[in-house]
Amino acid sequence: MTKKYLLGIILCLIAVFSWGGMFPVMVPALKIMDPFYITLFRYGIVAIIFAIILLFVEGKSAFKSDGHFLKLWLFGTSAFAGFSFLVFLGQKTAGPSGSIIASVMMATQPLLGVLVGWVYRGVKPTIVSLISMIIAAVGVFMVVTKGDLSVLYKGDNTIFALVLILLGAVCWVIYTTGGGDFKQWSILRYSTLTSIYGVLSVIVILFVATLMGWLSVPSFEQISGVSGALIYMISFAGVIAVFAWNLGNRIVGPINGILFMNLVPITSFVISIVNGYKISAFELAGVSITILALIGNNIYNRFAQSKVLKS
């Protein structure tokens, strides 16, 4: 193993451990402030940091959209408004188990990416990928229900929360897939412009929602109460994780990099247990099934790719 490859592994680990930790970190924060204004503070500061770095690294010309404004706005809004709004609203709605459900859904993004690629680029998924999706869905179902099927018909909010988190995960997959349209750009430029346009959408949405009385501007006490979570979300789960993930994947390759996403729910599990959350046997089994489905699909893709390269 070369030093460069080892660096790639370390970078991927930094990213997934940071993302795995953000869901437990958000548990107390969501009791103090709504996920919508948390999104504004989090990504607003991240966008500013990205912009400063881009200005020094690539100059003012890098801020031009080069005729791609609509795409950048759609992808940015999907990631920095849709993902954060939906995932953390779903986590809050699900209650104590919200962080576990959210982290498991994040691990299924590689499979969701297959569906998005099918719709957006016309790349049909393999039978193995479809089977893996079904198996992973069973695992997620087990985590959500914890073996109690009554949540499906007793008006429990868990299923609604799952739908929100699923849609949020799809939003991030759309953003990641959209990056393939900007291969001629640096990762920094794509991340910066999409974050800026996404935050503009967040501002407009919050302005309208607050004006209509659906949301209220957080008080100084609320902002102070979530300051610790915001620092983590902006630094570790924001700027550091994004750069570490993108650079790490360039080094180890996307097929190898995807495997590290399996560590997101495991990290959340460990932190949640330390914080006093009692994991049920059904949740453990569900996470295991989901991870095995992801690993199986990855191994098949690796095998299929090697056959193509040899032929």
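As a reminder, the structure under discussion sits directly above these lines.
Residues numbered from 1 in each chain as written. Predicted model: local features only at pLDDT ≥ 70, side-chain atom pairs only at ≥ 80, totals over all residues. Heavy atoms only, no water.

Brief notes about the overall build of the protein chain
Then, in step 1: Scanning the protein chain for helices and strands turns up 13 helices and zero strands.
Then, in step 2: Its helices and strands in sequence order give the protein chain the pattern α-α-α-α-α-α-α-α-α-α-α-α-α, from N to C terminus.
Then, in step 3: At 19 Å, the protein chain has a C-alpha radius of gyration in line with the 19 Å of a compact globule built from 311 residues.
Then, in step 4: Dimensions of the protein chain, computed from C-alpha atoms along their principal axes, come out at roughly 55 × 55 × 35 Å.
Then, in step 5: The long-range share in the protein chain, meaning contacts at least 24 apart out of those at least 6 apart in sequence, stands at 85%. (Helix = DSSP H or I, 4+ residues; strand = E, 2+ residues; numbered from the N terminus. Rg over C-alpha atoms; globule rule 2.2 N^0.38 Å. Contact = heavy atoms within 4.5 Å.)

Quick word on the pattern of salt bridges
Then, in step 1: Tallied over the full model, the rule gives two salt bridges.
Then, in step 2: In this structure, the salt-bridge partner of Arg189 is Asp66, at a minimum N-O distance of 2.9 Å. Highlighted residues: Arg189 in helix H8 (residues 187-211) and Asp66 in the loop between helix H2 (35-58) and helix H3 (69-94), separated in sequence by 123 residues.
Then, in step 3: Owing to a relative accessible area of 10%, Arg189 belongs among the buried residues under this scheme.
Then, in step 4: Put simply, Lys71 and Asp181 hold a salt bridge, and the shortest N to O gap is 3.2 Å. Here the residue Lys71 occupies a position in helix H3, and Asp181 occupies one in the loop between helix H7 (158-178) and H8, the gap between them amounting to 110 residues. (Salt bridge = Lys/Arg side-chain N within 4 Å of Asp/Glu carboxyl O. Buried < 20%, exposed > 50% of the residue type's maximum accessible area, 1.4 Å probe, protein only.)

A closer look at H3
Then, in step 1: Compared with the 38 Å implied by 1.5 Å per residue over 26 residues, the 36 Å span of H3 between its first and last C-alpha is a close match.
Then, in step 2: In the structure, H3 departs most strongly from a straight axis at Gly82, where the bend amounts to approximately 35°.
Then, in step 3: Downstream of H3 by one or two residues, Gly95 has phi in the positive range, about 80°. (Expected span 1.5 Å × (residues − 1). Bend = angle between axes of the 7 residues up to and from the residue.)

So, the nonpolar core
Then, in step 1: Of all hydrophobic cores here, the largest spans 82 residues; its most connected members are Trp19, Met22, Phe23, Phe83, Ile101, Met106 and Trp245.
Then, in step 2: Counting residues per element, this core draws most heavily on helix H10 (residues 227-252), which supplies 13 residues.
Then, in step 3: If near-sequence neighbours (up to four positions away) are discounted, Phe83 is found in contact with Met22, Tyr43, Ser78, Phe88, Met106, Gln109, Gly168, Cys171 and Trp172.
Then, in step 4: Counting seven residues, the second largest nonpolar core, distinct from the first, contains Val114, Met133, Ala136 and Ala293. (Core = buried A, V, L, I, M, F, W, Y, C linked by side-chain atoms within 4.5 Å.)

Digging into the packing of H2 against H3
Then, in step 1: The contact between H2 and H3 brings their axes to 9 Å, and the two run at 135°. In terms of orientation, H2 and H3 fall into the oblique class. The handedness of the crossing between H2 and H3 comes out as right-handed. Across from Pro35, Phe36, Thr39, Arg42 and Tyr43 in H2, the residues of H3 making contact are Phe80, Phe83, Ser84, Phe85, Phe88, Leu89 and Lys92.
Then, in step 2: Looking at the contact of H2 with H3 residue by residue, the classes come out as eight nonpolar, two polar and two charged. (Axes fitted to C-alpha atoms, helices over the stretch in contact; angles between N-to-C directions. Parallel < 35°, antiparallel > 145°, perpendicular 65-115°, else oblique. Left-handed = near helix turned anticlockwise from the far one by under 90°. Nonpolar A, V, L, I, M, F, W, Y, C, P; charged D, E, K, R; others polar.)

Concerning a nonpolar patch on the surface
Then, in step 1: A cluster of nonpolar side chains, Leu115, Trp118, Val119, Ile127, Leu130, Ile131 and Ile135, forms an exposed patch at the surface whose accessible area comes to about 650 Å².
Then, in step 2: Counting only elements with at least two residues in the nonpolar patch, the list comes to helix H5 (109-121) and helix H6 (127-145).
Then, in step 3: Per-element accounting of the nonpolar patch gives the leading share, four residues, to H6.
Then, in step 4: You can call Ile131 partly exposed: its relative accessible area is 44%. (Patch = residues over 30% accessible without salt bridge, like charges linked within 9 Å, V, L, I, M, F, W, Y side chains within 5 Å. Areas by Shrake-Rupley, 256 points an atom, 1.4 Å probe, with all protein chains shown as cover.)

Comments concerning the packing of aromatic side chains
Then, in step 1: Evaluated as defined, the whole model comprises 15 aromatic pairs.
Then, in step 2: With centroids separated by 4.8 Å and ring planes inclined at 80°, the aromatic side chains of Tyr43 and Phe80 adopt a geometry described as edge-to-face. In this pair, Tyr43 sits in helix H2 while Phe80 sits in helix H3, placing the two residues 37 residues apart along the sequence. The pair Tyr43 / Phe80 is uniform in exposure class, with both members buried.
Then, in step 3: Among the aromatic residues, those joined into a cluster by ring pairs are Tyr43, Phe80, Phe83, Trp172, Tyr175, Phe182, Trp185 and Tyr190. (Phe/Tyr/Trp six-rings, centres within 6.5 Å; stacked < 30°, edge-to-face > 60°.)

Section: the environment of Ala107
Then, in step 1: Looking at the element boundaries, Ala107 is found in helix H4 (residues 98-107).
Then, in step 2: Leave out the neighbours within four places in its chain, and Ala107 touches Met261, Pro265 and Leu294.

Just geometry here; none of it tells us what the structure is for.
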